[in-house]
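# Structure assessment
As a plain string of letters, each chain reads:
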Amino acid sequence: MRLPGLPRFPLAQLPTPLVPAKNLTALLGGPQILIKRDDLTGLALGGNKTRKLEYLIADAQSRGATHVITMGSVQSNHCRQTAAACRLAGLNCVLVLNAPNDDPEIQGNFLLDHMLGAEPRIIQDKSRRMAEAEKVAEELTSQGHVPYIIPTGGSNPIGSSAYVAFSYELMNQLIEQGINATRLYAAAGGPGGTHAGLCLGQKVTNAPWKVQGISTEDPEDNIRRINSTLANETASYLGLDLRLGEDDIHVDVGYTGAGYGVPTDECLEAIKLLAQTEGLFLDPVYTGKTMAGLIDHIRKGEIGEDETVIFLHTGGAPSLFAEPKTILSAL
Ligand SMILES: Cc1ncc(COP(=O)(O)O)c(C=O)c1O
């Protein structure tokens, strides 16, 4: 397997802590919940993208890049972390951001993008993100620069490899702490580089946990198809003789609500609950919905009281500041 030899640009503080959520566990009456704190990866307020960027930035450097171009919504956590990673690597950063209007309010992640000196390109049509990134790349190339495009969320085989490496990290922590975890909950979109990497990582490490994705946007068949394809492309990239079928991708689409980025009541309840039991901030787009799924599965008795469940906290708290009224309404 190529994973140990892959070039990595150091960005993350690893391993991230694995912390028992004692108050939440007591409140729900079991199972034992542990939180894997990838919100504490350490780069510019942290998050899951930092792990992926270690591999992506190293790849950009190996190709002689001068500029990184990436894309997302105006409150993208991925874009904020990419902008910070570029600063550390001495690269310029252009962010193609979709927003409801041409002049979005400068707050949350978008404020941090400005502070990090990234160049924003605002568009309104989300489906034009890659076309706009390619246009920027052409402009830069014609000026003698070397652009490197990172797709939305860093969700390609290079980025997903980070969550195969993560699976080894988690496995080692559990062995050290003498814990046997039966489930791992994580946000899942399509393409969801983190979810795909986790599903592959579970197979490669032969881990005892079931990876349970909670959808943040896409319908079930899309996520299963897209993420199994990405997991298999990642396996090929890593030189692994392993293939996943769509049935290996577990995702519950019951907690998405009206759509991507639109918080549900259960998501807001989960955000409040985690703040007030564990002193911990979830976000309204990904981790709030994922925790809502976990809580509901526990309340419905789908998880045994004697099981141990890991919740992957992928970060995203800066986007809370873009939604103060919505968050307040739930308190
Ligand atoms: C906080 C947070 N959690 C989860 C995700 C999903 O990660 P991925 O696209 O790597 O599956 C994202 C992606 O932007 C995120 O910002």
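See above for the structure.
The following paragraphs examine the structure supplied in this document. Values in this document were obtained by computation on a predicted structure and should not be read as measured data. (Residues numbered from 1 in each chain as written. Predicted model: local features only at pLDDT ≥ 70, side-chain atom pairs only at ≥ 80, totals over all residues. Heavy atoms only, no water.)

Along its length, the protein carries 11 helices and 10 strands. Relative to the compact-globule value of 20 Å for 331 residues, the protein shows a C-alpha radius of gyration of 19 Å, a close match. The dimensions of the protein, computed from C-alpha atoms along their principal axes, are 60 × 50 × 35 Å. Contacts in the protein between residues far apart in sequence, at least 24 positions, make up 78% of those at least 6 positions apart. With the model as given, the accessible surface of the protein reaches about 13,400 Å², and the carbon-plus-sulfur share is 51%. Positive and negative side-chain charges in the protein, numbering 27 and 37 respectively, have mean positions lying 3 Å apart. (Helix = DSSP H or I, 4+ residues; strand = E, 2+ residues; numbered from the N terminus. Rg over C-alpha atoms; globule rule 2.2 N^0.38 Å. Contact = heavy atoms within 4.5 Å. Areas by Shrake-Rupley, 256 points an atom, 1.4 Å probe, with all protein chains shown as cover. Lys, Arg positive; Asp, Glu negative; His and termini not counted. Charge placed at Lys NZ, Arg CZ, Asp CG, Glu CD.)

Tracing the sequence through the fold places Ile57 in helix α2 (residues 49–62). Considering only alpha carbons, one finds Ile57 and Gly304, 247 residues apart in sequence, at a separation of 41 Å. Apart from the residues lying within four places of it in its own chain, the contact partners of Ile57 are Phe9, Val68, Ala85, Cys86, Ala89 and Leu91.

Counted residue by residue, strand β10 (residues 308–313) has six buried out of six residues, so it is predominantly covered. The alternating pattern of β10 places Thr308, Ile310 and Leu312 and Val309, Phe311 and His313 on opposite faces, both of which are buried. Sheet topology places strand β7 (residues 183–188) next to β10; three bridges connect them, and they run parallel. In the strand pairing of β10, Leu184 is matched with Ile310. (Buried < 20%, exposed > 50% of the residue type's maximum accessible area, 1.4 Å probe, protein only. Pairing = 2+ DSSP bridges.)

The geometry of an aromatic ring pair is captured by the separation of the ring centres together with the interplanar angle, meaning the angle of the planes. For the structure shown, the criterion picks out two aromatic pairs. Taking the centre distance of 5.0 Å and the plane angle of 40 degrees together, the rings of Tyr163 and Phe166 count as tilted. Residue Tyr163 and its partner Phe166 are both found in helix α6 (residues 157–177); the two are separated by three residues, about one turn of the helix. You can call Tyr163 buried: its relative accessible area is 0%. Judged by its relative accessible area of 0%, Phe166 is buried. On the numbers, 5.9 Å between centres and 70 degrees between planes, the contact of Tyr260 with Tyr286 is edge-to-face. With Tyr260 in the loop between β9 (250–252) and α9 (265–278) and Tyr286 in the loop between α9 and α10 (287–299), this pair connects stretches of sequence that are 26 residues apart. For Tyr260, a relative accessible area of 31% puts it in the partly exposed group. A residue is classified by how much of its surface remains accessible, and Tyr286, at 27% relative accessible area, is partly exposed. Sitting over the face of the ring of Tyr237, Arg2 holds its NZ or CZ atom 4.7 Å from the ring centroid. Over the aromatic face of Tyr260 sits the side chain of Lys126, whose NZ or CZ is 4.9 Å from the ring centroid. (Phe/Tyr/Trp six-rings, centres within 6.5 Å; stacked < 30°, edge-to-face > 60°. Lys NZ or Arg CZ within 6 Å of the ring centre and 35° of its normal.)

Now for the nonpolar core. Counting 62 residues, the largest nonpolar core has Ile57 and Leu184 as the members making the most contacts within it. Elements with a contribution of two residues or more to this core: α2, α3 (77–89), β4 (92–98), α6, β7, α7 (193–205), α8 (220–237) and β10. Taken domain by domain, this core gets at least three of its residues from each of domain 1 (3–47 + 156–329) and domain 2 (49–154). Listed in part, the 26 residues of the second largest apolar core include Ile214, Leu294, Ile295 and Ile298. (Core = buried A, V, L, I, M, F, W, Y, C linked by side-chain atoms within 4.5 Å. Domains from an automatic or database assignment.)

This paragraph deals with the site of the ligand. Close to the ligand lie 13 residues, the nearest being Lys49, Lys52, Asn77, Thr194 and Thr314. Between the ligand and the protein, one listed contact pairs an oxygen atom with a side-chain N or O atom of Lys52 at 2.5 Å. The side chain of Thr194 places a nitrogen or oxygen atom 2.6 Å from an oxygen atom of the ligand. Considered on its own, the ligand offers 390 Å² of accessible surface; in the complex 94% of this is hidden by protein. Mapped by element, the contributors of at least two residues to the shell around the ligand are α2 and α7. (Near = heavy atom within 4 Å. Polar contact = N/O pair within 3.5 Å; in protein donor to acceptor, adjacent residues only side chain to side chain.)

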